[in-house]
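This is what each chain is made of:
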Amino acid sequence: MCGTDLNAVERPYDGCGKCLLGVRRSSRVQLATSSPERQRENVLTAAASVGAHFIGWADDWEVSGATDPRTRPNLGPWLRDERVPYDGLVAAAVDRLGRNVVVCLNTGYKMRDEKKMLVTYGHEGARDLDDSADENRFTMEAWGAQ
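Thresholds applied
Residues numbered from 1 in each chain as written. Predicted model: local features only at pLDDT ≥ 70, side-chain atom pairs only at ≥ 80, totals over all residues. Heavy atoms only, no water. Helix = DSSP H or I, 4+ residues; strand = E, 2+ residues; numbered from the N terminus. Rg over C-alpha atoms; globule rule 2.2 N^0.38 Å. Buried < 20%, exposed > 50% of the residue type's maximum accessible area, 1.4 Å probe, protein only. Areas by Shrake-Rupley, 256 points an atom, 1.4 Å probe, with all protein chains shown as cover. Lys, Arg positive; Asp, Glu negative; His and termini not counted. Charge placed at Lys NZ, Arg CZ, Asp CG, Glu CD. Phe/Tyr/Trp six-rings, centres within 6.5 Å; stacked < 30°, edge-to-face > 60°. Lys NZ or Arg CZ within 6 Å of the ring centre and 35° of its normal. Pairing = 2+ DSSP bridges. Axes fitted to C-alpha atoms, helices over the stretch in contact; angles between N-to-C directions. Contact = heavy atoms within 4.5 Å. Left-handed = near helix turned anticlockwise from the far one by under 90°. Nonpolar A, V, L, I, M, F, W, Y, C, P; charged D, E, K, R; others polar. Core = buried A, V, L, I, M, F, W, Y, C linked by side-chain atoms within 4.5 Å.

Quick look at the overall build of the chain now. Helix and strand counts for the chain stand at five helices and four strands. Starting at the N terminus and walking to the C terminus, you meet the elements of the chain as α-β-α-β-α-β-α-β-α. The C-alpha atoms of the chain give 14 Å as radius of gyration, which agrees with the globular expectation for 146 residues (15 Å, within 12%). Overall, the chain is about 35 × 35 × 30 Å in size when its C-alpha atoms are taken along their principal axes. Taking all 146 residues of the chain together, the buried fraction comes to 49%. Per element, the accessible surface of the chain, about 7200 Å² overall, is 50% carbon and sulfur. Across the chain, the centroid of the 19 positively charged side chains sits 3 Å from that of the 22 negatively charged ones.

On to the packing of aromatic side chains, then. This structure, assessed with the given rule, holds two aromatic pairs. Ring centres 4.7 Å apart and planes at 10° place the aromatic pair Phe 54 and Trp 57 in the stacked group. Considered together, Phe 54 and Trp 57 belong to a single accessibility category, that of buried residues. Pairing Trp 78 with Tyr 86 gives two aromatic rings, centres 5.6 Å apart and planes at 90°, and the pair type is edge-to-face. Comparing Trp 78 with Tyr 86, the two get one shared label, buried. For Arg 24, the ring lying beneath its charged end belongs to Trp 57, and the centroid distance is 4.3 Å. Over the face of the ring belonging to Tyr 86 we find Lys 116, whose NZ or CZ atom lies 3.6 Å from the ring centre.

Here four strands make up an open sheet; going across it, the order is β2-β1-β3-β4 and the pairing parallel. Each edge of the sheet is formed by a strand with only one pairing partner; in this case those strands are β2 (53-61) and β4 (117-120). On average, adjacent strands in this sheet sit at an angle of 20° to one another, irrespective of strand direction. Judged from the eight bridges that link them, strand β1 (residues 19-26) and β2 form a sheet pairing that is parallel. Residue pairing across strands places Cys 19 opposite His 53, the latter belonging to β2. The sheet contacts of helix α2 (residues 36-49) involve β1, β2, β3 (88-91) and β4, and relative to β1 the element is tilted by about 155°.

The next thing to look at is the packing of helix α4 (residues 101-113) against helix α5 (residues 132-145). It is at 8 Å that the axes of α4 and α5 come closest, and there the two elements cross at 140°. For the pair α4 and α5, the crossing hand works out as right-handed. Between α4, through Val 101, Cys 104, Leu 105, Gly 108 and Tyr 109, and α5, the contact on the second element is made entirely by Glu 135, Phe 138, Thr 139, Ala 142 and Trp 143. A class-by-class count of the residues in the contact of α4 with α5 yields seven nonpolar, two polar and one charged.

Moving on: the pairing of β1. Among the eight residues of β1, eight are classified as buried, and the element is accordingly described as predominantly covered. Going residue by residue along β1, you find Cys 19, Leu 21, Val 23 and Arg 25 tucked away on one face and Leu 20, Gly 22, Arg 24 and Ser 26 tucked away on the opposite face as well. Pairing of β1 with β3, which is carried by four bridges, proceeds in the parallel orientation. When the sheet's bridge partners are listed, Leu 21 is paired in β3 with Leu 89.

As a further point, take the nonpolar core. In globular proteins that are soluble, nonpolar side chains generally tend to be buried together. Among the nonpolar cores identified, the biggest contains 21 residues, and Leu 21, Leu 75, Tyr 86, Leu 89, Leu 97 and Phe 138 are the most heavily contacted of them. Looking at which element gives the most residues to this core, the answer is α4, with four residues. Among the nonpolar cores identified, the runner-up in size contains 14 residues, and Val 9, Val 50, Val 90 and Ala 92 belong to it.

Here it is as structure tokens:
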């Protein structure tokens, strides 16, 4: 999806079941492996793989991965249900959700319990944390972030 026009995939919430919030976070914006541009491309690719579109972006730059996602300046209000409805999250990687297992699992379980999608680049389809194999893979990726 290199060069994808953001306007082509971003539109208001329409209740289609695939209205996702793009999540990007970096504690050091200049790192090539987690740069905003690279994360953008990965998020767009992951969303396209499930036929989703964006209703917005929760970009938290210069925010430590140790920060609880519920208290992050831009993602936090969405997780606390202080924003418009959304059908789930899409992130460039599990470690963009947080930098430890507990934080990642709490965010993942919130999506599962609320019947919302959780999509990450490099994983085929949406995450299914009710499936033990998928839950274990998610946990291992979160552990790797820690």
